[in-house]
Amino acid sequence: MLIELEQDNLEAIVAQHPKVVVQYSAGWCGNCRLMKPKFKRLSGEHESTVFVIADAEKFPLSRKLAAVNNLPTFAGFNNGTLVNQVQTNKEDQLKNLINEVTGN
Amino acid sequence: MKLPVIRQIQRNCSAEQIENAIAVLESISEASSIKEDELDVIGELISNCCGALEVHEMVAAGETEKDALNGFMKKVMGSIDQ
């Protein structure tokens, strides 16, 4: 499942779903634009995991769930706990994070 | 992302030209032969183009170029934890 945040409620989504991977993005961020289609594609390959795209500028409370000091930041949550995070424009590194979350 | 580069793009290119450039760069990034360091450069170029687009919008809304550039950088810094 893929969700694009429309309100600052990532914390609730993370609490509701056992496996969540988040892409923190911003409209001005080139690497975010490059990673977004890859993130969307990967979301289709992991049906038991919720993939969330969060605008880091619009949703500062949601940003607080990870350490977002660069963009794009990808954060993985398992049962409400931050498992790991990575700041990258490399699909392989994103896949590694997803595998950490899904246990593959 | 570099303010002088954003200023250069904004001064010399229309919003339509910048949007076209972003589309071309995004298309190049999908090529299978693109290397990681090339992807880094493309991402940086797109960020500068996106910045120039936002400055265009702010100037069109009545801001001075200087205020628009500063406003954009403030927006960038407001998007991350410092």
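Counting from 1, residues in each chain are numbered in the order their sequence is written. Each chain is given a letter, starting from A, and each ligand a number, starting from 1, according to the order in which they appear as written. For a predicted model such as this one, the threshold for reporting local features is a pLDDT of at least 70, and the threshold for listing and counting side-chain atom pairs is 80 or more; totals across whole chains, interfaces and linings nevertheless cover every residue. To get the side-chain values, all heavy atoms of the structure are used, and hydrogens and water are removed first.

Caption draft 1: Spotlight on the overall build of chain A. Numbering goes from the N terminus for both helices and strands, where a helix is a DSSP run of H or I of at least four residues and a strand is a run of E of at least two. Looking only at helices and strands, one finds 4 helices and 5 strands in chain A. In sequence order, chain A lays out its α and β elements as β-α-β-α-β-α-β-β-α. Radius of gyration: C-alpha atoms only; globule rule: 2.2 Å multiplied by the number of residues to the exponent 0.38. The C-alpha atoms of chain A give 12 Å as radius of gyration, which agrees with the globular expectation for 104 residues (13 Å, within 12%). Along the longest, intermediate and shortest principal axes, the C-alpha atoms of chain A span 30 × 30 × 20 Å. Only protein chains enter the accessibility calculation, which uses a 1.4 Å probe. A residue is then buried if its area is under 20% of the maximum for its type, exposed if over 50%, and partly exposed in between. Per-residue burial for chain A yields a buried fraction of 52% across its 104 residues. By definition in these notes, contact holds between two residues if any of their heavy atoms fall within 4.5 Å. A fraction of 65% describes how many contacts in chain A between residues 6 or more apart in sequence connect residues 24 or more apart. With 11 positive and 11 negative side-chain charges, chain A shows a spacing of 5 Å between the two charge centroids. Note on charges: Lys and Arg go in the positive column, Asp and Glu in the negative column, and His and the chain ends are not counted at all. Think of each charge as sitting on NZ of Lys, CZ of Arg, CG of Asp or CD of Glu.

Caption draft 2: Spotlight on the nonpolar core. Counting residues in hydrophobic clusters, the biggest one holds 42 residues, and the most contacted among them are Leu10(A), Val22(A), Tyr24(A), Trp28(A), Val52(A) and Leu71(A). In terms of residue count, helix H3 (residues 36-60) of chain B provides more of this core than any other element does, 9 residues in total. Filtering out sequence-adjacent residues up to four positions away, Val52(A) remains in contact with Ile3(A), Leu5(A), Leu10(A), Ile13(A), Val20(A), Val21(A), Val22(A), Gln23(A) and Phe39(A). Joining through side-chain atoms within 4.5 Å is the link that ties buried Ala, Val, Leu, Ile, Met, Phe, Trp, Tyr and Cys residues into a set, and such a set is a nonpolar core. Val21(A), Met35(A), Ile98(A) and Val101(A) belong to the second largest nonpolar core, which has 12 residues in total.

Caption draft 3: Broad picture of the state of the cysteines. Count a disulfide wherever a pair of cysteine sulfur atoms falls within 2.5 Å. One pass over the structure, following the stated rule, counts 1 disulfide over all chains. Disulfide partner of Cys29(A): Cys32(A), at an S-S distance of 2.3 Å. Residues Cys29(A) and Cys32(A) are joined by a disulfide whose S-S torsion is about 80°; by sign, that bridge is right-handed. On the basis of relative accessibility, which here comes to 2%, the residue Cys29(A) falls in the buried class. Note on Cys32(A): relative accessible area 2%, which makes it buried. Residue Cys13(B) stays outside any disulfide, its sulfur separated by 7.7 Å from that of Cys49(B), the closest cysteine. Taking relative accessible area as the criterion, Cys13(B) reaches 29% and is therefore assigned partly exposed.

Caption draft 4: Looking closely at the pattern of salt bridges. For this document, the term salt bridge refers to a Lys or Arg side-chain nitrogen within 4 Å of an Asp or Glu carboxyl oxygen. Following the criterion strictly, the structure yields 10 salt bridges over all chains and no others. Residues Glu26(B) and Arg33(A) are paired through a salt bridge, measuring 2.8 Å at the closest nitrogen-oxygen approach. You can see Glu26(B) sitting in helix H2 (residues 15-29) and its partner Arg33(A) sitting in helix H2 (residues 30-43), one on each of two chains. Accessibility expressed as a relative area gives 24% for Glu26(B), which makes it partly exposed. Residue classification places Arg33(A) among the partly exposed positions, given a relative accessible area of 31%. A salt bridge links Arg11(B) to Glu65(B); the shortest N-O distance between them is 2.8 Å. Of this pair, Arg11(B) sits in helix H1 (residues 3-12) while Glu65(B) is found in helix H4 (residues 65-77), placing the two residues 54 residues apart along the sequence. Taking relative accessible area as the criterion, Glu65(B) reaches 25% and is therefore assigned partly exposed. A single salt-bridge network, built from bridges that share partners, covers Glu4(A), Lys36(A) and Lys40(A).

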